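Chain by chain, the residues:
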Amino acid sequence: MRMSHYFLPTLKENPKEAEIVSHRLMLRAGMIKQTSAGIYAWLPLGHKVLKKIEQIVREEQDKAGAQELLMPTLQSADLWRESGRYDDYGEEMLRIKDRGDRDLLYGPTNEEMITDIFRSSVRSYKDLPKNLYHIQWKFRDEIRPRFGVMRGREFLMKDAYSFDLTADDARHAYQRMFLAYLRTFRRMGLRAIPMRADTGPIGGKLSHEFIILAETGESEVYAHKDWMEKDTTAGGLSYDDKEKIGEFFEEMTSLYAATDEMHDASACPEGDLIKARGIEVGHIFYFGTKYSEAMNATVQNKEGEIVPVEMGSYGIGVSRLVGGIIEANHDDNGIVWPESVSPFDIGLINLKPRDEACSKACDDLYEKLKEQGKDVLYDDRDTQAGGKFADMDLIGLPWQVVIGPRSAEKGMAELKNRKTGEKQELSLESVVERMAA
Ligand code: P5A
């Protein structure tokens, strides 16, 4: 993408309304624009990151055996009357009337709708287990939307729902998602700690929040210090290995970590305990038959009895993750994207577009890198070098390639690693080789 054509409205000054670094940087890097309180338009650069995160979430859900579908944002209030949550959910729910005076709502979550989809077609234990998910916009009329996309009113969530015959099977479904979540967050370069959590309006008894530590986090959390080094990827562990997944879950949950509401200091020696602030990027629930009983979602078991299905639900804050990843990856000059979610692979800076040889070298390199399948943001604007460096650092692509008239003459370029700041003089061919590797 040529920057001279790209819609990238960067800002030099810090916007006054932004209280935390990720919000400031997202506005300054031209990633988002607020359209109403807690509601954002995703501009091209922000949209690319959102889609990358969404894709990692999707791939890891699919690997864990969940199946993607897509439910609407608008829901009928009647479903929520069946579960009893229409009145319980309170002011956070955006209620709408259609022209026929029927009550609708903009979904804050989809337990009721998925339970309705399930009950309308599944009859037998032979159809179980199932895990269905979608990645869809949600609306919660938060009293205090703040910190940009971190606590929005409209936000993108991945929500999965598991259906099982027995409580034991449901616990296994929960453990698989637990593992899938750890793998998902690691792929984004995040250390997310699973913490025992309160179930709130979703309900049930067993619940974990996945928390990344950050000074700007909204909640107070407690964790054993060993979490800072713990390997949470469970490499080699197969989703078919039920027993090992159970053991992995036991191992992970035996190391202490809890949110404020669930904290019990007697469960962890004071000297080993870390008290910190955290950002909740995911939340999983096992709530058994809460919805299936209320909404009559039943199957026939092996003995021919009709029983309510055992359910769980599993959320990831996809749009919140964009902010969360920036909180964990930035410096004084801007964002430092992990490669897996970076909006482009490489930023190419042409220091002097009016210089014919310099532009030729840049244009050639741009084409070669694209041939290698690299996504390149090419700063071909006829503007001051200082501003180009600043913009490129601000938007945080992992690699920068800089070419000026002098280096072009020698067939050389400067390759900079955004994270370490390390710079290297390389021939143009070596740049292509290095980037392709
Ligand atoms: C689990 C999936 C649920 O809604 N029902 C379906 C369950 N859980 S949750 O914890 O309430 O939300 C899941 C994740 O969504 C993100 N999130 C938000 N992101 C941005 N702005 C918000 N206002 C917001 N509220 C929730 C969080 O990452 C949360 O873990």
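Reference entry: report on the structure contained in this document. The model shown is predicted, which means the values in this text are computed figures rather than measured ones.

Counting residues in each nonpolar core, the largest one holds 84 residues, and the members touching the most others are Met31, Ile53, Phe185, Met188, Phe210, Val322 and Trp337. Ranked by residues supplied to this core, first place goes to helix α6 (residues 167-187) with 10 residues. When near neighbours in sequence (up to four residues on either side) are disregarded, Val322 contacts Met26, Met31, Trp42, Val49, Leu50, Ile53 and Trp337. Counting residues in each nonpolar core, the second largest holds 26 residues, with Leu128, Phe163, Leu165 and Ala297 among its members.

Spatial strand order, β4-β6-β5: three strands in an open sheet with antiparallel pairing. At either margin of the open sheet sits one strand with a lone partner, and together these are β4 (74-76) and β5 (94-97). Adjacent strand axes in the sheet meet at a mean angle of 40°, parallel and antiparallel pairs treated alike. Relative to strand β6 (residues 103-106), β4 is paired through three bridges, and the arrangement is antiparallel. Among the inter-strand pairings, Gln75 is bridged to a residue of β6, identified as Leu105.

Its location among the elements puts Glu220 in strand β11 (residues 219-224). Residues Glu220 and Asp260 lie 40 residues apart in sequence; the distance between their C-alpha atoms is 5.6 Å.

Conventions used here
Residues numbered from 1 in each chain as written. Predicted model: local features only at pLDDT ≥ 70, side-chain atom pairs only at ≥ 80, totals over all residues. Heavy atoms only, no water. Core = buried A, V, L, I, M, F, W, Y, C linked by side-chain atoms within 4.5 Å. Buried < 20%, exposed > 50% of the residue type's maximum accessible area, 1.4 Å probe, protein only. Helix = DSSP H or I, 4+ residues; strand = E, 2+ residues; numbered from the N terminus. Contact = heavy atoms within 4.5 Å. Pairing = 2+ DSSP bridges. Axes fitted to C-alpha atoms, helices over the stretch in contact; angles between N-to-C directions.

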